[in-house]
Amino acid sequence: MSVVKKNIIGFSVVTVGIALTGVVTMGIQPMGWMRTTNVGRLPELAAVQAQLLPLDACEVEYGSRRGSGGRRWIGSQEYAYVTPCGTPSSYRISVRVPSERRVSDVAFDMRRSSVSAPWKILVDKDQTAFPALKQSLEQLAPFLLTQYPIERQKDADLKVRLARERQERKDAERALKEEAKNSYPE
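Treat the numbers as computed from the prediction; the structure is a model and nothing was measured.

A. A look at the side chain of Thr128. Within the secondary structure layout, Thr128 lies in the loop between β6 (120-123) and α3 (130-181). By relative accessible area, Thr128 is classed as buried at 8%. At 3.3 Å, the side chain of Thr128 forms a polar contact with the backbone nitrogen of Ala107. Not counting residues within four places of it along the chain, the set of residues in contact with Thr128 comprises Asp105, Val106, Ala107 and Leu133.

Here it is as structure tokens:
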């Protein structure tokens, strides 16, 4: 076997090893695919599924959970983080949850591929009891349906305002440069 072929095979083995390590690492995270279970198809959650179907979003994250390494906490009981469909998962709308709608000791992620798809409700069964999960979903669903569109509009308005202010600053800088450039006699 030639040296080139050996190098290609060696490179391929290393690449596959790195990819598998990444997949396993992501899977063992607190809400990773190896630790969570999709309970979205349970008949007891059918009413919540029906209620949340019109929500114009593809991800909802709620609840505190231990971060990687178990040292710090991530997530929140105070906010539900909602990701609109068609946007990067790093783009999230924060919806403040009133104290009367919060349920402690609950953490879940909801995901779906499109606004017409059913929700996957991902939980760590060892950390979240089903009655608490159901109560939390029942309390959050109507609230998210009304509050999320308001927060999303606020976010859009803020982006428009910031873009306008940025453009005004650029225009002012350009005018100042032009004025300074034209202020000297020739």
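B. Fine view of the packing of aromatic side chains. Throughout the structure, instances matching the rule amount to two aromatic pairs. Note on Tyr79 and Tyr81: the rings are 6.2 Å apart at their centroids and 20° apart in plane angle, and the pair reads as stacked. Given a relative accessible area of 16%, Tyr81 falls into the buried group. The ring of Tyr81 is capped by Arg92, whose NZ or CZ atom sits 4.2 Å from the centre of that ring.

C. Inspection of the confidence of the model for the protein at higher detail. Predicted confidence across the protein gives a mean pLDDT of 82, with 79% of residues reaching 70 or more. Low pLDDT, under 50, characterises residues 22-33; the stretch is placed with 27 contacts to residues that sit more than four places away or in other chains.

D. Broad picture of the nonpolar core. Ranked by size, the top nonpolar core spans 28 residues in total, and within it Phe108, Met110, Trp119, Ile121, Leu133 and Leu137 carry the most contacts. Elements with a minimum of two residues in this core: α2 (46-52), β2 (59-66), β3 (73-83), β4 (93-96), β5 (108-111), β6 and α3. By residue number, the principal contributor to this core is α3, which donates eight residues. Beyond its immediate sequence surroundings of up to four residues, Leu137 is in contact with Leu45, Val48, Phe108, Met110 and Ile121.

E. Local environment of the state of the cysteines. Inspection of every chain in the model, using the stated rule, returns one disulfide. Disulfide pairing is shown between Cys58 and Cys85; the S-S distance is 1.8 Å. Its S-S torsion of about 95° marks the bond between Cys58 and Cys85 as right-handed, since a negative value means left-handed. Of this pair, Cys58 sits in the loop between α2 and β2 while Cys85 sits in the loop between β3 and β4, placing them 27 residues apart in sequence. Residue classification places Cys58 among the buried residues on the basis of a relative accessible area of 8%. Given a relative accessible area of 24%, Cys85 falls into the partly exposed group.

F. Structural context of α3. Leu144 marks the point of greatest bend in α3, at about 45°. Every buried residue of α3 is listed here: Ala132, Leu133, Ser136, Leu137, Leu140, Ala141, Phe143, Leu144, Gln147, Tyr148 and Glu151.

G. Layout of the pattern of salt bridges. For the structure shown, the criterion picks out ten salt bridges. When the shortest N-O distance is used, the salt bridge between Glu61 and Arg92 registers 3.5 Å. Taken as a pair, Glu61 in strand β2 and Arg92 in the loop between β3 and β4 lie far apart in primary sequence, 31 residues in all. A salt bridge links Arg174 to Asp171, with the nearest nitrogen and oxygen atoms 3.0 Å apart. Of this pair, Arg174 and Asp171 both sit in helix α3, three residues apart, which is roughly one turn of that helix. Asp171 sits in the partly exposed class, given a relative accessible area of 36%.

H. Local environment of unusual backbone geometry. The residue Asp105 is not glycine, and still its phi comes out positive at about 60°. Inspection of the secondary structure puts Asp105 in the loop between β4 and β5.

Basis of the calculations
- Residues numbered from 1 in each chain as written.
- Predicted model: local features only at pLDDT ≥ 70, side-chain atom pairs only at ≥ 80, totals over all residues.
- Heavy atoms only, no water.
- Helix = DSSP H or I, 4+ residues; strand = E, 2+ residues; numbered from the N terminus.
- Buried < 20%, exposed > 50% of the residue type's maximum accessible area, 1.4 Å probe, protein only.
- Polar contact = N/O pair within 3.5 Å; in protein donor to acceptor, adjacent residues only side chain to side chain.
- Contact = heavy atoms within 4.5 Å.
- Phe/Tyr/Trp six-rings, centres within 6.5 Å; stacked < 30°, edge-to-face > 60°.
- Lys NZ or Arg CZ within 6 Å of the ring centre and 35° of its normal.
- pLDDT = per-residue confidence, 0-100.
- Core = buried A, V, L, I, M, F, W, Y, C linked by side-chain atoms within 4.5 Å.
- Disulfide = S-S within 2.5 Å.
- Bend = angle between axes of the 7 residues up to and from the residue.
- Salt bridge = Lys/Arg side-chain N within 4 Å of Asp/Glu carboxyl O.

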